[in-house]
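Chain residues, written in single-letter form:
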Amino acid sequence: MMDHFVNEYLQDDAATEEIVGVGWSRKFRKVNIIVAVCVVLFLVPAIISGNLLDLVYELAAVFLIVFAKIKKNSIIKREKERLRVLCPDGDRSVRVEVGDALKVTAAKREKTISFSDVVKIEESKSFYILFIAGDMLAALKKDGFVEGDADACMTYLREQIAKK
């Protein structure tokens, strides 16, 4: 079984939106579900009863959902700006090596991350997104493997993370 993989991609604005969007959605998934269920459960009775106070509560819940969407877009915008500052020459190439640990090279900086710090792996349309302790993310582009392949890498990663 292969135990070394290399993944390379360009973290353009679209990649940033996808990676940060998945991270944000995961972080607030339970809250969003609870708020949505509350809106559905209480909206119909509030409309039927005509109770103004109940409707105000419902509007507050809807406002929370809208506010979360605005906040998500704000965080994505901030991350794009951060990348523009970190990569003034426009080089947004990312290289992730998976072996004894994760070695991430981006913005001409290299960081090694232990498998024990990987909390979870989620999948988006184009990426495997690794949630790292400390509220950080690392990503592997599905079609960005220059050494090894996506399926074998995910199997290897999951095995390494399970050992922790």
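The following paragraphs examine the structure supplied in this document.

Criteria and cut-off values
- Residues numbered from 1 in each chain as written.
- Predicted model: local features only at pLDDT ≥ 70, side-chain atom pairs only at ≥ 80, totals over all residues.
- Heavy atoms only, no water.
- Phe/Tyr/Trp six-rings, centres within 6.5 Å; stacked < 30°, edge-to-face > 60°.
- Helix = DSSP H or I, 4+ residues; strand = E, 2+ residues; numbered from the N terminus.
- Buried < 20%, exposed > 50% of the residue type's maximum accessible area, 1.4 Å probe, protein only.
- Lys NZ or Arg CZ within 6 Å of the ring centre and 35° of its normal.
- Pairing = 2+ DSSP bridges.
- Axes fitted to C-alpha atoms, helices over the stretch in contact; angles between N-to-C directions.
- Parallel < 35°, antiparallel > 145°, perpendicular 65-115°, else oblique.
- Left-handed = near helix turned anticlockwise from the far one by under 90°.
- Contact = heavy atoms within 4.5 Å.
- Nonpolar A, V, L, I, M, F, W, Y, C, P; charged D, E, K, R; others polar.

## Digging into the packing of aromatic side chains
In this description, a pair of aromatic rings is defined by centroid distance and the angle of the planes.
Okay, so step 1: Inspection of the entire model under this criterion finds four aromatic pairs.
Okay, so step 2: A centroid spacing of 5.2 Å and a plane angle of 70° characterise the contact between Y9 and F127, whose relative ring orientation is edge-to-face. Of the two residues, Y9 sits in strand β1 (residues 5-10) while F127 sits in strand β6 (residues 127-132), which places them 118 residues apart along the sequence.
Okay, so step 3: The class for Y9 is buried, based on a relative accessible area of 9%.
Okay, so step 4: Members of the aromatic cluster, joined through ring pairs, are F5, F115 and Y156.
Okay, so step 5: The side chain of K142 reaches across the aromatic face of Y128, ending 5.5 Å from its centre.

## Some details on the sheet that holds β1
Okay, so step 1: The strand order across the open sheet formed by five strands is β4-β3-β2-β1-β8, and the pairing between neighbours is antiparallel. Each edge of the open sheet is held by one strand with a lone partner, namely β4 (109-113) and β8 (145-147). With direction set aside, neighbouring strand axes in the sheet form an average angle of 20°.

## Comments concerning the packing of helix α2 (residues 29-49) against helix α3 (residues 52-86)
Okay, so step 1: With their axes 9 Å apart at the nearest point, α2 and α3 run at an angle of 150° to one another. Overall, the two elements α2 and α3 adopt an arrangement that is roughly antiparallel. The interaxial crossing formed by α2 with α3 has left-handed handedness. Packed against α2, whose contacting residues are N32, V35, A36, C38, V39, F42, L43, A46, I47 and S49, the element α3 presents D54, L55, E58, A61, V62, I65 and A68 at the interface.
Okay, so step 2: Residues belonging to the contact of α2 with α3 are distributed by class as follows: 13 nonpolar, two polar and two charged.

## Quick notes on the sheet that holds β6
Okay, so step 1: Taken in spatial order, the three strands of this open sheet run β5-β6-β7, and their pairing is antiparallel. Sheet topology places β5 (118-123) and β7 (136-141) at the edges, where each strand pairs with a single neighbour. Direction aside, the axes of adjacent strands within the sheet are offset by 20° on average.
Okay, so step 2: Sheet analysis places β5 next to β6, joined by five bridges and oriented antiparallel. In the sheet register, E123 faces β6, and the bridge partner there is Y128.
Okay, so step 3: In this fold helix α1 (residues 13-27) packs onto β5, β6 and β7, with an angle of close to 50° to the strand it touches most, β6.

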